[in-house]
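Each chain, letter by letter, is given below.
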Amino acid sequence: MKENNEEKNLEVSGVIAKTEQYIKKNKKTLSIVGGAIVVVALAIWAYVALVAQPRQVRAAEDMFAAEQWFNEGDFEKALNGNDEFMGFAEVIDEYGCTKSGNLAKYYAGICQLNLGKYDEAIEYLKSYKGKDIFTSALSQMLIGDAYAEKGNNTDAVKYYEKAVAAGSDNYTVAPVALWKAGMLYLQMDNKQAAAKAFQQIKDNYPESPEWNEVDKYLALAE
């Protein structure tokens, strides 16, 4: 045991000695690299503190009026704003890379959907990068709604299924998306897929409003 410890100590000493030699030999290079790392770190800090964070604050402030119009159901004004305040479209153009700019894409997609502009709704909603389970799942379901309105049932059910995958634990979105998928599958005469969608509601979402009607549509699908 003593011999083993001595061998290990010799190995450690050798590593330390080699490390010291490397540092001495490459002191100038390491100093330059270290200085470069410090410069990059300072540049990142300066960008976040002096550019990114202030832009995010301004974006949130400029989007406030649009959010109010959205909550009131004035989707045209929420999207396009007026002479005094920005709408979501302008917020996206001005602050697209900020958190508020990203959220504006979600709101803009819903506005376009309500205004009957389905291609524009799909484009906005696909560009939205959801950070939470609810909006991630809901944005997928809304894309499905837009495709359904266009009569593209194949893409509609694909996005309804994406909504379920994105938020399977979300009792607000998942059973609704499954219900919509099941109903479209019935229209498409794909009873097997319809039954599968309705069965998922029956098995997994007993507290959802859709659960109360699912047996009737399961019978139609089987």
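Everything below is about the structure shown above.
Computed from a predicted structure; not experimentally measured. Positions within a chain are numbered from 1, following the residues in the order the chain's sequence is written. Where totals are concerned, whole chains, interfaces and linings use all residues; where local detail is concerned, this predicted model gives features only for residues with pLDDT of at least 70, and gives and counts side-chain atom pairs only at 80 or more. With hydrogens and water stripped out, all remaining heavy atoms of the structure feed into the side-chain values.

Quick notes on helix 6 (residues 118-127)
Then comes step 1: Restricting attention to buried positions, one finds in helix 6 the residues Ala121, Ile122 and Leu125. The arc that holds the buried residues of helix 6, viewed along the axis, is 100°, so those residues lie on one side.
Then comes step 2: Packed against the buried residues of helix 6 are helix 5 (99-114) and helix 7 (133-149). Relative accessible area decides the class of each residue, using a 1.4 Å probe on protein chains only: under 20% of the type maximum gives buried, over 50% gives exposed, and in between gives partly exposed. The helix count covers DSSP runs of H or I at least four residues long, the strand count covers runs of E at least two residues long, and both are numbered beginning at the N terminus. Think of it as the arc spanned by the lines of direction from the helix axis to the C-beta atoms. Throughout, a residue-residue contact means that at least one pair of heavy atoms, one from each residue, lies within 4.5 Å.

Structural notes on the pattern of salt bridges
Then comes step 1: Think of a salt bridge as a Lys or Arg side-chain nitrogen and an Asp or Glu carboxyl oxygen that are within 4 Å of each other. Applying the stated criterion across every chain yields a total of 5 salt bridges.
Then comes step 2: Across the pair Lys180 and Asp145 runs a salt bridge, and its minimum N-O distance is 3.0 Å. Taken as a pair, Lys180 in helix 9 (residues 174-187) and Asp145 in helix 7 lie far apart in primary sequence, 35 residues in all.
Then comes step 3: Under the relative-accessibility criterion, Lys180 is labelled partly exposed at 25%.
Then comes step 4: Take Asp145: its relative accessible area is 14%, and that puts it in the buried class.
Then comes step 5: The closest approach of N and O atoms between Asp215 and Lys202, which form a salt bridge, is 2.9 Å. Of this pair, Asp215 sits in helix 11 (residues 214-221) while Lys202 sits in helix 10 (residues 191-204), placing them 13 residues apart in sequence.

Details of helix 9
Then comes step 1: Helices are assigned an expected span. That span is 1.5 Å times one less than the residue count. Compared with the 20 Å implied by 1.5 Å per residue over 14 residues, the 20 Å span of helix 9 between its first and last C-alpha is a close match.
Then comes step 2: Among the residues of helix 9, Ala174, Pro175, Ala177, Leu178, Trp179, Ala181, Gly182, Leu184 and Tyr185 are the ones counted as buried.
Then comes step 3: Following helix 9 by one or two positions, Asp189 has its phi on the positive side, about 60°.

Any functional reading would require information beyond the geometric quantities listed.
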